[in-house]
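A closer look at the structure
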Amino acid sequence: MKILTNPHFFSNLMIFFSSYVVIRKYFIKQSKYNALLLIGFAAIIALRAISDLLYGTFNAPIENINHYIATSAMVLAPIILISATWSIILHKPAQITQFFTTMGISWVLLFFVIWFQVDYLGLIIQSFCILLIMLISILGLATKQKSALWVIIAMMFYALIIKSTALPIPMNPIDIEHYLMTLCILSLGKAVGSQYKYIF
């Protein structure tokens, strides 16, 4: 099969299966809207992995679709994660208002990024969201929450993705990005799993 010859087949597969595992083991057990936010985040990342895999295999026919999915992962995923992190760290299950507000803001921003073709704005949004999530996690660390520690670890991996091309590792930068995202997703799964546990 042609898809197996894709040089990033394994790393994309790692993202997809790690997303599936954390959804089944951790995210789906959360309250309704917490689960929807977390599953939404993981699903977007998994879709990006599948899109990358198909684009790397078939190239031109899905170039535009791959670009839109990549932009969606850059904008939607981190904004959704802010809302989910807020609920996890503060132990306040997300309500319908929080859920639809999060979806509305993220989709409006995505629309402007795609419509005006300002992809660099996606990177700014992503970086700003990581910063906000780290600040929320510091609130959790102040109360010795283990989940806050795992979120910070996840965000460290997430932030490194942006700098994956500059990391002094003898590996393809795209594969580095994929493995860092896998570690990020698994760390978020641990964060959700240790939601009511304390460091000491």
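These remarks concern the structure in this document. Keep in mind that this is a model prediction, so the values were computed, not measured. (Residues numbered from 1 in each chain as written. Predicted model: local features only at pLDDT ≥ 70, side-chain atom pairs only at ≥ 80, totals over all residues. Heavy atoms only, no water.)

**A few points about the overall build of the chain**
For clarity, the threshold we go by: Strands are runs of DSSP state E lasting at least two residues, helices are runs of H or I lasting at least four, and both sets are numbered from the N terminus onward. Summary of the burial criterion: residues with accessible area below 20% of their type's maximum are buried, those above 50% are exposed, and those between are partly exposed, where the area comes from a 1.4 Å probe applied to protein chains only. Note that accessible areas follow from Shrake-Rupley with a 1.4 Å probe, and for residues the cover is restricted to the protein chains shown. In this tally, Lys and Arg are treated as positive and Asp and Glu as negative; His is ignored, and so are the chain termini. The location of each charge is read from NZ of Lys, CZ of Arg, CG of Asp or CD of Glu.
Counting secondary structure elements, the chain contains seven helices and zero strands. Shown N-terminal to C-terminal, the secondary structure of the chain runs as helices and strands in the order α-α-α-α-α-α-α. Looking at the 200 residues of the chain, the share that counts as buried comes to 46%. Of the roughly 10700 Å² of accessible surface on the chain, 73% is carried by carbon and sulfur atoms. Separation of charge centres in the chain, based on 12 positive and 5 negative side chains, amounts to 23 Å.

**What to know about the packing of aromatic side chains**
To keep it simple, the criterion reads: Between rings of Phe, Tyr and Trp, where Trp is taken as its six-membered ring, a pair exists when centres lie within 6.5 Å; planes separated by under 30 degrees are stacked, by over 60 edge-to-face, and by other angles tilted.
What the rule picks out here adds up to seven aromatic pairs. Seen from their ring centres, Phe 111 and Trp 115 are 5.6 Å apart, and the 20° between their planes marks the pair as stacked. Residue Phe 111 and its partner Trp 115 are both found in helix 4 (residues 96-115); the two are separated by four residues, about one turn of the helix. Looking at Phe 111, the relative accessible area reads 46%, which means it is partly exposed. Owing to a relative accessible area of 59%, Trp 115 belongs among the exposed residues under this scheme.

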